[in-house]
Amino acid sequence: MNHELSETAVAAALTTRWLGHMYQYLPQTYSTNDLLKEKLDHLSRPPLPEGAVVLADYQSQGRGRLNRRWAAPPRTSLLFSVFLRPRWLPWQQNWLTMLAGVAVAEVIEAKTGLTTGLKWPNDVMALHEGQWRKVSGLLLEGIWTAAPSQDVILGIGINVNIPPDQLPQTITPPISLLAAMGKPVPRLDLLLDLLRRLEDGYGRAQQGYSPQPTWRQRLITLGQPVQVTKIGSGQIIIGFAEDVDDWGQLLVRDKSGILHTILAGDVTLRG
Ligand code: BTN
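Residues numbered from 1 in each chain as written. Predicted model: local features only at pLDDT ≥ 70, side-chain atom pairs only at ≥ 80, totals over all residues. Heavy atoms only, no water.

**Comments concerning the packing of aromatic side chains**
Tallied over the entire structure, the rule returns 1 aromatic pair. Look at Trp18 and Tyr202: their rings are 5.8 Å apart centre to centre, the planes differ by 55°, and that puts the pair in the tilted class. On the criterion of sequence distance, the pair formed by Trp18 in the loop between helix 1 (7-13) and strand 1 (23-26) and Tyr202 in helix 5 (residues 187-206) is long-range, its members being 184 residues apart. Residue class for Tyr202 comes out buried when judged on its relative accessible area of 2%. (Phe/Tyr/Trp six-rings, centres within 6.5 Å; stacked < 30°, edge-to-face > 60°. Helix = DSSP H or I, 4+ residues; strand = E, 2+ residues; numbered from the N terminus. Buried < 20%, exposed > 50% of the residue type's maximum accessible area, 1.4 Å probe, protein only.)

**Some details on helix 2 (residues 32-41)**
Listed as buried for helix 2 are Thr32, Asn33, Leu35, Leu36 and Leu40. Angular distribution of buried residues about the axis of helix 2 spans 165°; they occupy a single face of the element. Taken together, the buried residues of helix 2 touch strand 1, strand 2 (53-56), strand 3 (78-84), strand 6 (131-142) and strand 7 (152-158). (Arc of directions from axis to C-beta. Contact = heavy atoms within 4.5 Å.)

**A few points about the side chain of Asn94**
Relative to the helices and strands, Asn94 resides in the loop between strand 3 and helix 3 (95-112). There is a polar contact of 2.8 Å between the side chain of Asn94 and the backbone oxygen of Trp247. Discounting residues that sit within four places of it in the chain, Asn94 has contacts with Trp247, Gly248 and Leu263. (Polar contact = N/O pair within 3.5 Å; in protein donor to acceptor, adjacent residues only side chain to side chain.)

**Quick word on the confidence of the model for the protein chain**
Per-chain confidence: the protein chain averages 92 in pLDDT, with 96% of residues scoring 70 or above. Highest mean pLDDT in the protein chain belongs to strand 2 (98); lowest belongs to strand 12 (residues 265-269) (88). (pLDDT = per-residue confidence, 0-100.)

**Section: the sheet that holds strand 10 (residues 250-254)**
Spatial ordering of the open sheet is given by 11-10-9-8-12, a layout of 5 strands whose pairing is antiparallel. Looking at strand neighbours, the two that pair on one side only are strand 11 (259-262) and strand 12, the edges of this open sheet. The mean angle between the axes of side-by-side strands here comes to 45°, regardless of whether they run parallel or antiparallel. Here strand 8 (residues 225-230) runs beside strand 12; their pairing, made up of 5 bridges, is antiparallel. Its bridge partner lying in strand 12, Val228 is registered against Val267. (Pairing = 2+ DSSP bridges. Axes fitted to C-alpha atoms, helices over the stretch in contact; angles between N-to-C directions.)

**What to know about the site of the ligand**
The environment of the ligand is formed by 20 residues, the closest being Ser31, Gln59, Arg63, Arg65 and Lys134. One nitrogen or oxygen atom from the side chain of Ser31 is found 2.8 Å from an oxygen atom belonging to the ligand. Residue Arg65 places a main-chain N or O atom 2.6 Å away from an oxygen atom belonging to the ligand. Notes on the ligand: free accessible area 420 Å², of which the protein chains cover 97%. Secondary structure elements with two or more residues in the shell around the ligand: helix 2, strand 3, strand 6 and strand 7. In terms of residue class, the shell around the ligand is built from 6 nonpolar, 10 polar and 4 charged. (Near = heavy atom within 4 Å. Areas by Shrake-Rupley, 256 points an atom, 1.4 Å probe, with all protein chains shown as cover. Nonpolar A, V, L, I, M, F, W, Y, C, P; charged D, E, K, R; others polar.)

Here you go:
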């Protein structure tokens, strides 16, 4: 296969110790998260190793958080999922979101020079003409097995070379690296560097070092007026995003002075 992101191209240049050593490239699929989940459900033989990666050049049913669609024209993006089995306690569950968001933000900055930030909880934003725009999103999904387990699928979508006129219509205004830079960005290089950063960040977290301080520093949400819809109750909170706690929950103070602690929600910046 002679694709830019083919198995041969990745294997020839991968510098990780374990992440991505099992790598599958597909010209198209429905959703790499769903495909990986199915592979795990069907107890593939031999079992999938931690760090297995599935990448597609097109997804017909790409999914975002909150059942939103994640759309990208063929061969323009990075759309992939990683299988991980973190060995840590339940209260550390948001660490993966944090370290993955930081890894994506850092790799984009390193490869393009764009200024990046994170919109709570897991949107990666790039500053373009003075406005923050969404360039990447993360979709973390736990896998339900008979035995209690912490198996996780980390799905990452990055708008790399989507032409400006083909950017999807999304609630948070989108951008691609191509649209922001005015020139295409090589996807293989970006992918390989990202896999290395993910492996490093994950390794540090597995040793007990919290990614929270680095993640917190990059949050553009803090200090902003926000509207948050809480997942589950649907309650809407309008206030000021004061901080995040050690576990990644957002602390929003409303106008009557009450501090709300939000574990999962959808945030709109009102500033
Ligand atoms: C979001 O911002 O809401 C999360 C977007 C996650 C998109 C990625 S693309 C690869 C993987 N497969 C999917 O169907 N979704 C994730």
